[in-house]
2 protein chains.
Amino acid sequence: MRASGSDRRDHGPTVSEAEMTATLADVAARAQVSPATVSRVLNGNYPVAAATRERVLRAVDELDYVLNGPASSLAAATSDLVGILVNDIADPFFGIMAGAAQAAIGEERGAREKLSVICNTGGSPERELTYLTLLQRQRAAAVILTGGALEDPEHAAAVGAKLARLADAGTRIVLCGRPPLPGDSVTATLAFDNRGGSRRLTDHVIGLGHRRIGYVAGPPERTTTRHRLEGHRSALAAAGLRQDGLVVHGSYDRRSGYDATLELLRREPELTAVVAANDTVALGACAALRDRGLCVPGDVSVAGFVDLPFSADAVPALTTVRLPLSEAGARAGRLALGLEPAPPGGIATVHGELMVRGSTGAVRAGG
Amino acid sequence: MRASGSDRRDHGPTVSEAEMTATLADVAARAQVSPATVSRVLNGNYPVAAATRERVLRAVDELDYVLNGPASSLAAATSDLVGILVNDIADPFFGIMAGAAQAAIGEERGAREKLSVICNTGGSPERELTYLTLLQRQRAAAVILTGGALEDPEHAAAVGAKLARLADAGTRIVLCGRPPLPGDSVTATLAFDNRGGSRRLTDHVIGLGHRRIGYVAGPPERTTTRHRLEGHRSALAAAGLRQDGLVVHGSYDRRSGYDATLELLRREPELTAVVAANDTVALGACAALRDRGLCVPGDVSVAGFVDLPFSADAVPALTTVRLPLSEAGARAGRLALGLEPAPPGGIATVHGELMVRGSTGAVRAGG
DNA sequence: CTGTTAGCGCCTTCAA
DNA sequence: TTGAAGGCGCTAACAG
C-alpha cells in the first residue's frame with residue numbers, strides 16, 4: 001500500500017516519505033505550489049517567478065526527488081534516450097567513436113539532460129534489429145549507427161524499414177562511419193572514405209616497388225570490407241597488377257589476420273607485402289610473419305587501416321590510414337542532438353590520412 | 001490532433017493508421033479482443049487461449065505495433081533498462097567486460113527483453129553521478145558498475161547514497177571489477193584480486209634477479225591503482241627492497257606509460273625492470289625504453305596487467321596478469337538479471353593468472 | 001480464459 | 001505568473 005503524494009499533502013515528513021520515492025505531487029505539496037508549477041521549473045521552458053522556483057528547487061532537494069522518466073516520456077510523448085549502435089564494443093575503433101559521441105551528448109547542458117547509451121550488436125543482424133526495436137519502444141530521441149553495415153539485402157531492407165518507422169516517430173537517425181542509405185529517414189550521414197584511403201595506401205605500397213601484395217579483407221558481407229577492398233583493387237589495376245588469388249577474407253580481429261597471412265604465404269611464397277583491412281588484423285599479420293621467421297618490413301611490408309592508438313607503438317610502427325574517429329563520433333553526437341546543421345545533402349565524407357611509418361619499406365632485393 | 005485508438009475502433013484501415021504509431025488499443029480493436037488481453041499475450045506471463053494469441057499476434061504484425069516503453073514502465077512501475085557504467089569505453093578493458101555483460105543480458109530470451117546499455121563516464125565523478133541519476137530516472141531494472149572506483153570520500157558517499165536509493169526503488173546493483181561497498185544496497189560484487197595478482201607479478205620479476213624495479217601506477221585516487229600498487233609493494237617488502245622513489249603515477253593510457261618511464265629512468269638510470277599498472281601503460285613503457293635505445297627485456301624487463309588481446313602480440317610478448325574480463329562481465333550480466341544466485345556473502349573474488357612471456361627476463365649481467 | 005475498471009506520474013492546454 | 005483538469009498508453013487487480 002503506497003501513500004500517494006496527495007494523501008499526505010497536508011502532513012509533515014512521515015516514515016513513508018523516507019521509504020517511498022517522492023513524486024512530483026510531493027514536491028508540489030512541500031513547496032506549496034501546484035504540480036504544474038513544479039513541472040515548469042523542472043523543465044525550465046516556461047516562465048516561473050524566481051522566488052517560486054527557489055522554493056520548488058529546495059523542496060526537490062529536500063525530498064531527493066528524481067523525475068519519473070517513463071511518466072514524463074509518456075505524457076510528453078518524447079524521451080531523452082539516445083542510442084548508439086556499435087558492431088563490437090571490445091574493438092577500440094567503436095569504443096573511441098562511441099565514447100566521443102557520448103561525451104559530446106553529455107556535454108550538452110541543455111534543457112533536458114539526454115541519456116546516451118551504447119548498444120553492442122556484436123555484429124549480429126538480429127541483435128541490431130532487436131536494439132532498434134527496443135529503442136523504438138523507448139521512443140528514443142535519436143539513434144546513431146556506427147561502422148560498416150551488412151550488405152545482405154533482406155537485412156538491409158529490414159533495417160531500412162525500422163529506421164523509417166523510427167524517423168516517422170520523430171527519432172533522429174545519424175550514420176557514422178557507415179555509407180549513406182536511400183530514402184529520407186536518415187538525418188545525417190558521416191561516411192568514411194574507405195575506398196579512397198585504401199587506394200592511397202596500396203598506391204604507397206606499390207610505390208615502394210612491391211608487386212606481390214596480399215590483402216587480408218574483413219567479413220565479405222560488410223560495406224567497410226567491400227569499400228576498402230575496392231580501393232585496394234583499383235590501386236592494383238592502375239598499376240597494371242592482377243592478383244585476385246591474393247585476397248583472403250576473415251573477421252576484423254587479430255586471429256583472422258594471423259591465419260589469413262599464413263594462407264597468403266602458402267598461396268604466394270614470394271609475397272613482399274600484406275595490406276590488412278584494419279590495424280588489429282595487421283598486427284596479427286605481423287605476428288604470423290614473425291612466426292614464419294620473416295622480418296617486417298625487411299622481408300615483408302605490412303600496412304593497416306584506421307590508426308588505433310597502439311598502432312604507432314607497434315614494433316615496427318604501423319603504416320596505416322588514419323581515420324578521425326573521435327572527431328567523427330563527436331560530430332555524430334552533435335548531429336543527433338540537432339546542435340549542428342546537417343551537411344549539405346545530408347552526407348559528409350570523412351577522409352583518412354595516410355600515415356607512413358616503419359612497417360612498410362622498399363621491396364627487398366630478391367623480390 | 002491525433003486519432004486515438006478507440007476513435008477508430010470500428011473503422012477499417014485509414015490514412016491515419018498508416019501515419020500514426022499504433023497503440024495497444026488499435027491492436028485490440030483489430031484482433032477483436034480487449035486491451036488487457038493484448039497486454040497479456042505481449043507480456044506472455046498470463047494464460048491466453050492459443051487461438052486468441054494467434055489473432056492478437058497477427059494484428060500486432062499487421063499494424064507493425066511496437067509497445068510503448070514509457071507507458072508500459074509507468075503502469076508496471078518497472079522498466080527493462082539495464083545500465084552498465086564504464087570508466088573509459090575506448091579502453092578494451094572496459095569494452096570487453098561491458099560487451100560480455102551486454103551479450104549475456106541479450107541472450108536471456110525471457111519474458112521481457114531487456115535493453116542493456118553502456119554508459120561511459122570517462123572517469124569523471126560528475127558524469128558517474130549524472131548517469132546514475134538518469135538511470136534512476138528511468139527506473140532501471142539493474143545497474144552494473146565496472147572497474148575501479150574513485151576513493152574521494154565525498155564522491156564515494158554520494159555514489160553510496162545514490163545506490164541506496166536505486167536499491168530502495170528495486171534496482172539491482174552489481175559491481176564488476178570493483179571492490180565491495182559497505183551497506184546492503186549492492187546485490188553482488190565481483191572483485192578482481194588486484195593485490196594478489198600484482199604481488200605475484202612483482203614476485204616473478206624479483207625472482208628473475210631484478211632489484212631496481214620501477215612502477216608506473218595509475219591515477220592515485222582509484223581503488224584499482226592503490227590495490228595493484230599495494231601488491232607490488234608487498235612483494236618488494238617481502239624481498240627486503242625499499243624503493244618508494246621508483247613509483248610514478250599517471251593515467252591508464254599509453255602516453256602516461258611513456259612519460260612515466262622516462263621519469264623513472266631519470267630517477268634511476270640503473271633501472272632493470274618496469275612494472276606497469278596495465279598493459280596499455282606497459283606498451284607505452286616499452287616505447288619509451290626503445291626510444292632511449294634500451295632493449296626489452298635485454299636491458300630492461302617490462303610487465304603489464306590485465307592481458308588485453310594485443311598484449312600477446314606485442315614485440316616482445318608482454319608478461320602480465322590475465323584477468324578473465326569476458327567471464328566476469330558475463331557473470332555480472334547474469335547476476336544483474338537475477339539468473340544466477342549471488343555468491344556467498346554477496347562477494348566473489350576473481351583471481352588473475354600470471355602470464356610469463358617474452359618481455360621479462362633475467363636481470364642483465366651489469367644490473 | 002477474458003473483459004472492465006482504475007489508476008501509474010507527469011505534461012499541457014485552458015482559465016484565471 | 002499560476003492552478004485545475006484531462007489524458008498520454010499501458011498494466012493489474014477484480015469480476016465474470
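Residues numbered from 1 in each chain as written. Chains lettered and ligands numbered in written order. Predicted model: local features only at pLDDT ≥ 70, side-chain atom pairs only at ≥ 80, totals over all residues. Heavy atoms only, no water.

Engineer: I keep staring at the confidence of the model for chain A and nothing clicks. Help me out?
Structural biologist: Interpreting fine coordinate detail is not advised for predicted regions of low pLDDT. Confidence along chain A averages 91 in pLDDT terms, with 93% of residues attaining 70 or more. This stretch, residues 1-18 of chain A, has a pLDDT under 50; its non-local contacts, to residues over four places away or in other chains, come to 16 contacts. (pLDDT = per-residue confidence, 0-100. Contact = heavy atoms within 4.5 Å.)

Engineer: Could you clarify how one ought to interpret the sheet that holds strand β6 (residues 213-217) of chain B in this entry?
Structural biologist: Backbone-to-backbone hydrogen bonds pair the strands of a sheet. The strands run either parallel or antiparallel. Residue and element names in this part refer to chain B. Pairing is parallel across the open sheet formed by four strands, whose spatial order is β7-β6-β8-β9. Strand pairing shows two members of the sheet lacking a second neighbour, β7 (247-249) and β9 (301-303), which therefore form its edges. This sheet shows a mean twist of 15 degrees between the axes of neighbouring strands, independent of strand direction. As judged from the four bridges shared by β6 and strand β8 (residues 273-276), these two strands associate in the parallel manner. Pairing of Tyr215 across the sheet is with Val275, part of β8. Against the sheet, helix α11 (residues 254-267) contacts β6, β7 and β8, and its axis sits at roughly 145 degrees relative to β6. (Pairing = 2+ DSSP bridges. Helix = DSSP H or I, 4+ residues; strand = E, 2+ residues; numbered from the N terminus. Axes fitted to C-alpha atoms, helices over the stretch in contact; angles between N-to-C directions.)

Engineer: What am I meant to see in the environment of B:Val315 here?
Structural biologist: Take B:Val315: it is sitting in the loop between β9 and β10 (320-322). Among the residues examined, B:Val315 registers a relative accessible area of 30% and is labelled partly exposed. Sequence spacing of B:Val315 and B:Asp299 is 16 residues, and the spatial spacing of their C-alpha atoms is 15 Å. Residues in contact with B:Val315, not counting those within four places in the same chain, are A:Arg290, A:Val315 and B:Arg290. (Buried < 20%, exposed > 50% of the residue type's maximum accessible area, 1.4 Å probe, protein only.)

Engineer: Explain the interface of chain A and chain B here, please?
Structural biologist: In many reports, interface size means the accessible area that the parts give up when they come together. Counting from both sides, the interface comprises 48 residues of chain A and, opposite them, 49 residues of chain B. Counting the surface lost from both chain A and chain B, the interface buries some 4500 Å², and carbon and sulfur atoms represent 58% of this. For the interface between chain A and chain B, the tally reads five salt bridges. Residue B:Arg137 pairs with A:Asp80 through a salt bridge whose shortest N-O separation is 4.0 Å. Counting across the chain A and chain B interface gives 20 residue pairs in polar contact (both at pLDDT 80 or more). For the side of chain A that touches chain B, a count of residues per class yields 22 nonpolar, 14 polar and twelve charged. (Buried area = accessible area lost by both parts, 1.4 Å probe. Salt bridge = Lys/Arg side-chain N within 4 Å of Asp/Glu carboxyl O. Polar contact = N/O pair within 3.5 Å; in protein donor to acceptor, adjacent residues only side chain to side chain. Nonpolar A, V, L, I, M, F, W, Y, C, P; charged D, E, K, R; others polar.)

Engineer: Would you mind showing me how to read the pattern of salt bridges here?
Structural biologist: When the charged atoms of two side chains with opposite charge come close together, those side chains can pair. Residues and elements named next belong to chain A. For the coordinates displayed, the defined rule picks out 35 salt bridges over all chains. Between Glu263 and Arg266 there is a salt bridge whose closest N-O contact spans 2.6 Å. With a gap of three residues between them, Glu263 and Arg266 both fall in helix α11 (residues 254-267), about one helical turn apart. The exposure class of Arg266 is exposed, given its relative accessible area of 57%. Within this structure, Glu151, Arg195, Arg226 and Glu230 form a network of salt bridges that share partners.

Engineer: Honestly, unusual backbone geometry in this entry has me stumped. Any pointers?
Structural biologist: When glycine is set aside, most residues are seen to have a negative phi, and most peptide bonds are trans. Residue A:Val315 is joined to A:Pro316 through a cis peptide bond whose omega torsion reads -5 degrees. As for its position among the elements, A:Pro316 is in the loop between β9 (301-303) and β10 (320-322). The linkage connecting B:Val296 with the following residue, B:Pro297, adopts the cis geometry, with an omega of 0 degrees. As for its placement among the helices and strands, B:Pro297 is situated in the loop between α12 (279-291) and β9.

Engineer: Help me understand the protein's contact with DNA strand D, please; the structure alone is not making it clear to me.
Structural biologist: What surrounds DNA strand D is a group of 28 residues, the closest being A:Thr37, A:Arg40, A:Thr52, B:Leu24 and B:Tyr65. Backbone atoms, meaning sugar and phosphate, make up 69% of the atoms of DNA strand D lying within 4 Å of the protein. A distance of 2.8 Å separates a phosphate oxygen of DNA strand D from a polar atom in the backbone of A:Ala49. Elements that contribute at least two residues to the surface near DNA strand D include exactly α3 (35-43) and α5 (69-76) of chain A together with α2 (24-31), α3 (35-43) and α5 (69-76) of chain B. When residues of the surface near DNA strand D are assigned to their parent elements, the largest contribution, five residues, is made by α5(B). Of the residues in the surface near DNA strand D, the class split is 16 nonpolar, eight polar and four charged. (Near = heavy atom within 4 Å.)

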